[in-house]
Amino acid sequence: MLKGFEGFCSFFITSFIAFSLQVSAQNVKMKFGKIENSDLEIDVYPLDTGASAVILADVGKSHIQYNQTKGDFELVFERHTRIKVLNKNGFKWADVEIPLYGRNSDKERVSGLKGYTYNLENGKVIKSKLDKKSVFDDLKNEYWSLKKFTMPNVREGSVIEYTYKVYSDFLFNLQSWYFQYEIPAIWSEYTAVVPEYFYYKKLGQGYISMVLAEEDKKSESIVFSSKEGSNTVDFLSTVYHYATKDVPAFKSESYMTTSEDFISKMDFELASIKYPRDPIRQIMDTWETIIKELLEHEKFMIRLRRTNFLKAQMGAVLSGANTPEEKIEAIYTYVQQNIKWDEKNGMFTSQSLKDTFNKRVGNSADINLLLIAMLQEAGLEADPVILSTRNNGRVMQMYPIITKFNYVISKVSLDGKYFLLDATDPFRSIGMLPYNCLNGQGFVIKKGMEEWVDLLNKEIFMESHQATLAFNDEMELTGKIQKMYKGFSANRKRISLSGGEEKYQEELEEKYEGWELNELQFKNKGEIGKPFVEDMDVVIPSEGEMGDDIIYLDPMIAGDKLEENPFKSEKRTYPVDFGSPIRGQYILNLDLPDGYVVEDMPENANLALPENGGRFTYAISVKGKRLQLVSSFLIRKTLFVPEEYSSLKEFYNMYIAKCAEKIVLKKEGLVLSN
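Residues numbered from 1 in each chain as written. Predicted model: local features only at pLDDT ≥ 70, side-chain atom pairs only at ≥ 80, totals over all residues. Heavy atoms only, no water.

Undergrad: What's the story with the layout of surface pockets in this structure? I'm lost.
TA: Summary: where empty space remains is shown by rolling a probe the size of a single water molecule over the atoms. Each pocket or cavity is described by its volume, and for the second largest pocket that value is around 790 Å³. Forming the boundary of the second largest pocket are 29 residues, of which Glu463, Asp560, Leu562, Ile582 and Phe633 lie nearest the centre. Put simply, the parts of the chain that give the lining of the second largest pocket at least two residues each are strand S24 (461-471), helix H8 (487-497), strand S30 (582-591), strand S34 (626-635) and helix H10 (645-659). Of all the elements, S30 adds the most residues to the lining of the second largest pocket, at 5 residues. Its residues placed into classes, the lining of the second largest pocket shows 15 nonpolar, 7 polar and 7 charged. (1 Å grid on protein atoms, 1.4 Å probe; cavity = no way out; pocket = protein on both sides within 12 Å on 5 of 7 lines; lining within 4 Å. Points joined across faces, edges and corners; volume = space filled by probe spheres on them. Helix = DSSP H or I, 4+ residues; strand = E, 2+ residues; numbered from the N terminus. Nonpolar A, V, L, I, M, F, W, Y, C, P; charged D, E, K, R; others polar.)

Undergrad: I would appreciate a short explanation of the pattern of salt bridges in the present structure.
TA: Opposite charge on two side chains allows them to pair when their charged atoms are near. According to the stated counting rule, one finds 36 salt bridges in the structure shown. Residues glutamate 215 and lysine 202 are paired through a salt bridge, measuring 4.0 Å at the closest nitrogen-oxygen approach. Note that glutamate 215 is positioned in strand S13 (residues 212-226) and lysine 202 in strand S12 (residues 198-205), a separation of 13 residues in sequence. Arginine 390 is the partner of aspartate 577 in a salt bridge, and the nearest nitrogen-oxygen pair spans 3.3 Å. (Salt bridge = Lys/Arg side-chain N within 4 Å of Asp/Glu carboxyl O.)

Undergrad: Even after reading the chapter, I still don't get the environment of methionine 314, so can you show me in this structure?
TA: Structurally, methionine 314 can be placed in helix H4 (residues 314-317). Separated by 61 residues in sequence, methionine 314 and leucine 375 have C-alpha atoms that sit 9.7 Å apart. Other than its neighbours up to four places away in sequence, methionine 314 contacts Ile331, Met374, Glu377 and Ala378. (Contact = heavy atoms within 4.5 Å.)

Undergrad: How do you make sense of the pairing of strand S11 (residues 185-195) when you look at a structure like this?
TA: Side-chain positions along a regular strand alternate between the two faces of the sheet. Taking burial as the measure, the 11 residues of S11 include 10 buried ones, the bulk of the element. As judged from the 7 bridges shared by strand S1 (residues 53-67) and S11, these two strands associate in the parallel manner. Residue pairing for S11: histidine 63 is matched across the bridge by valine 193. (Buried < 20%, exposed > 50% of the residue type's maximum accessible area, 1.4 Å probe, protein only. Pairing = 2+ DSSP bridges.)

Okay, here's the thing in structure tokens:
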């Protein structure tokens, strides 16, 4: 009876549902086209004085109703939004996008779109009407399009208001509702009316308390008319009603995956349908059905069955490779170095694997499915692994939803072990996944089995700086610096260097402004599995002048020390996710200038995070005229829960403070008064 179903991406976090269903609040009533002068007179939102705009009210309603003309149920979504623009940074809220789903010839459609921008001029409200000529459509992909419009005559102090309806035959696509935004919201309210025939799982997340959370029953009916007369069918609908008040803006912070994982919202997932006298029809996918769907998908596993063209190519690719390990490396290197990534990610291919091979370019799925095909052609056990990237959000294993995934990599199994491969980057060592893929677990697509694999890397962010310096007659620091990078750090350096050595040196000179950089040399530029090393001779501007009684010296001057704590909030309600361990080491050997001695220097330090989560050591010593500093920094854990945030923030505070301490040099024989 229904025209189409599709997986719907959603998930559940219990903290969002931890409110009392007895709470209620007065509903906000807005009449479209009528606004109070007081809304226009606001110039600062008192609960967030730095806000660029504020949601005055955002009210939505989804209603599944019977369409007599079509003879079927349809979903109608209504929205009425009013936003106060406080300054120029808030102008972007005048650009609105309405996502619309479509499959084949069936498409969601917008109706009743209208809007006004209100401005106060000489005490009078001036209304600027949304022009239909400024409304246009934008195709996003084969399933989604956007209805876009820009509100007119927006300036500082404006209020914008718009309303619209979306009609949909896709009952699985019951609208998600966000109660939190990038700007504060005074009122956000959502109602969903669901007939008893449809069972939706309510999936909520976030940390915002509701002021209204009600679930009531409502009597509805359908009247069927024919030549013989009419027939009425009565049924009950469930009315879900939620609202929030004075919700703060969602602030993105360092080392988080995506706001979609944490922002307060409510999703509805269509699980089953039960019409009178009909059996229950399960709608929600299972992992088994997802595997089946992908095995038969034209742009996924079907591609791996059309690989006869590879038979003539594999001899050259595998030349000199005898063992399975050598074959894996040879194939990975061939794809990595010969097929260029077009910088588009996806789970489905954009062309045949033969076209990818011949054209030497493709999206991430084109490249990694070609990698799998070549591994299989070589007699190796290789399978696709689908995953959700960090910026796409996490996958909840309890909810089999195919649309939650957006990327595919290769899993190759050998002697009871497996390797995860991604060949989109020519500067990434074998077995090293893109940082954006380090997001929980991936799901293996293989007939007859359900398997999850951890998306982990043996690689880390690793930097080691070693400097041997001395003072010249102008009290400049001169000498040699060697910087060694491993893992993700080496990958980023090689990508930077791919733009040319001249440009790379210009970027270094901009970074180390005022330094003279000479004899810049690189080691292991093309040997991807080895550390990337840069050596340079340096002249660093003086910290003082010869003859000064006192010289203050920064002992971390040759290291890329952290200047600012990435963790600024007093508390954090979601995890800190580094994705990969971080390790840094700094060694300074400094010859002190003639005629000077150390008057004061930082104390040694040894800081540790709880549960062996990380450590910072700082050891400084002087022997004769040689000063040595050895410092190391390690974040061992990749995930810190909110309860660990305060200790992590303080760890960074102490680390930054220690790295900012100076050495005091004085003239020999100089007596300093207290």
